[in-house]
Amino acid sequence: TPFLLSQEQWNFGCNLMSTEENSWVLKTTEAPAPVPPPCRSPEQRLFTPNEAQHPPSEMEVQVEERCLEQVQTMVVGEVLKDVDTACKLLNIEPDPLGWNCVHVQKWLLWTEHLYRLPQVSVMFQELSGRDLCSMTEADFRQRSSQFGDILFAHLDIWRSAAAMKERCPPEDTADEDSWSDVMCNFPNQPIHLWQFLQELLLKPRNYSRCIRWLNKEKGIFKIEDSAHVARLWGIRKNRPAMNYDKLSRSIRQYYKKGIIRKPEVSRRLVYQFVNPVEWSARGE
DNA sequence: GACCGGAAGT
DNA sequence: AACTTCCGGT
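Just so you know, these numbers come straight off a predicted model, no measurement behind them. (Residues numbered from 1 in each chain as written. Chains lettered and ligands numbered in written order. Predicted model: local features only at pLDDT ≥ 70, side-chain atom pairs only at ≥ 80, totals over all residues. Heavy atoms only, no water.)

Novice: I would appreciate a short explanation of the protein's contact with DNA strand C in the present structure.
Specialist: If you check the shell around DNA strand C, you find 14 residues, and the closest are Leu193, Trp233, Lys237, Gln253 and Tyr254. A distance of 3.2 Å is found between a base oxygen of DNA strand C and a side-chain nitrogen or oxygen belonging to glutamine 253. Tyrosine 254 places a polar side-chain atom, nitrogen or oxygen, 2.7 Å from a phosphate oxygen of DNA strand C. Sorting elements by how many residues they give to the surface near DNA strand C places helix H12 (residues 244–257) first, with seven residues. (Near = heavy atom within 4 Å. Polar contact = N/O pair within 3.5 Å; in protein donor to acceptor, adjacent residues only side chain to side chain. Helix = DSSP H or I, 4+ residues; strand = E, 2+ residues; numbered from the N terminus.)

In structure tokens:
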């Protein structure tokens, strides 16, 4: 089946065009969840805006089509990138068909977080990715009458993304991401907390609302949203009960190891990497 | 709520 | 070993 834009992706594309915040995956710290109504016939929506009046000329049609094409390419690229990011964060592969129950739960946890849903993952326990993919929207609704459609739509995005990937695998966005690719793409390599924090700090576009550098050269950073960072860490380590109390305890374990410390003047939620030289060499 | 470290568990 | 969990105290 062809890759169709969902309402959500279309909205995202519009945001992108207006140079707004450009990550829909991690747009989480403000505003209530961007809960899109699942759109089963997106192509209609794509072509309806503003052509009600006079019939457009041939050239106008061509221009518009090319524009839409560009937007679509851009959106697809962003979706793939965001799926990638989520995969790294969750340590799962992009294709839902390959997921086991644990992977499914991680993905559900992530989706809950993304759309700010209440805990719905319990309704999907013991399901593999293959099970999930064989379910209809009605099946989803049966397990969660309120949010089944959202989960179904989000799974659809992932399946489409995986299909895209398979269709053109060698494309590979050979850009700035290669560093973290090398660091994280080996699946199931246990990640250290300090590495994880650096990963987040490396992507200010996505994470600056919850953690950011105060002084990158000195390695001083501030956790802006402790609960959010803890949640992300919990997702990555598959520790649903993770919170800032525990995360900060782990950070404090670094004090005696000389990996992280409190800066000279201790400030609330501010920490400092002890030897920041190694990674400050490269830009974001 | 953040911060701190001891102690025990995984 | 690298956390995670829990906690009593600042």
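Novice: Is there a simple way to think about the sheet that holds strand E1 (residues 211–215) in this case?
Specialist: What links the strands of a sheet is backbone hydrogen bonding, and the strands pair in either a parallel or an antiparallel sense. Read from one edge of the open sheet, four strands run E1-E2-E4-E3, paired in antiparallel fashion. Looking at strand neighbours, the two that pair on one side only are E1 and strand E3 (260–261), the edges of this open sheet. Each of E1, strand E2 (220–223), E3 and strand E4 (270–273) is contacted by helix H9 (residues 193–202), which is oriented at about 85° to E1, the strand it contacts most. (Pairing = 2+ DSSP bridges. Contact = heavy atoms within 4.5 Å. Axes fitted to C-alpha atoms, helices over the stretch in contact; angles between N-to-C directions.)

Novice: How should I be thinking about the packing of H9 against H12 in this particular structure?
Specialist: Helices that pack against each other are described as a pair by the angle of their axes relative to one another and the distance between those axes. Running from N to C, H9 and H12 point in directions that differ by 110°, and their axes come no closer than 10 Å. The orientation of H9 with respect to H12, classified from their angle, is roughly perpendicular. Between H9, through Leu193, Trp194 and Leu197, and H12, the contact on the second element is made entirely by Leu247, Ser250, Ile251 and Tyr254. (Parallel < 35°, antiparallel > 145°, perpendicular 65-115°, else oblique.)

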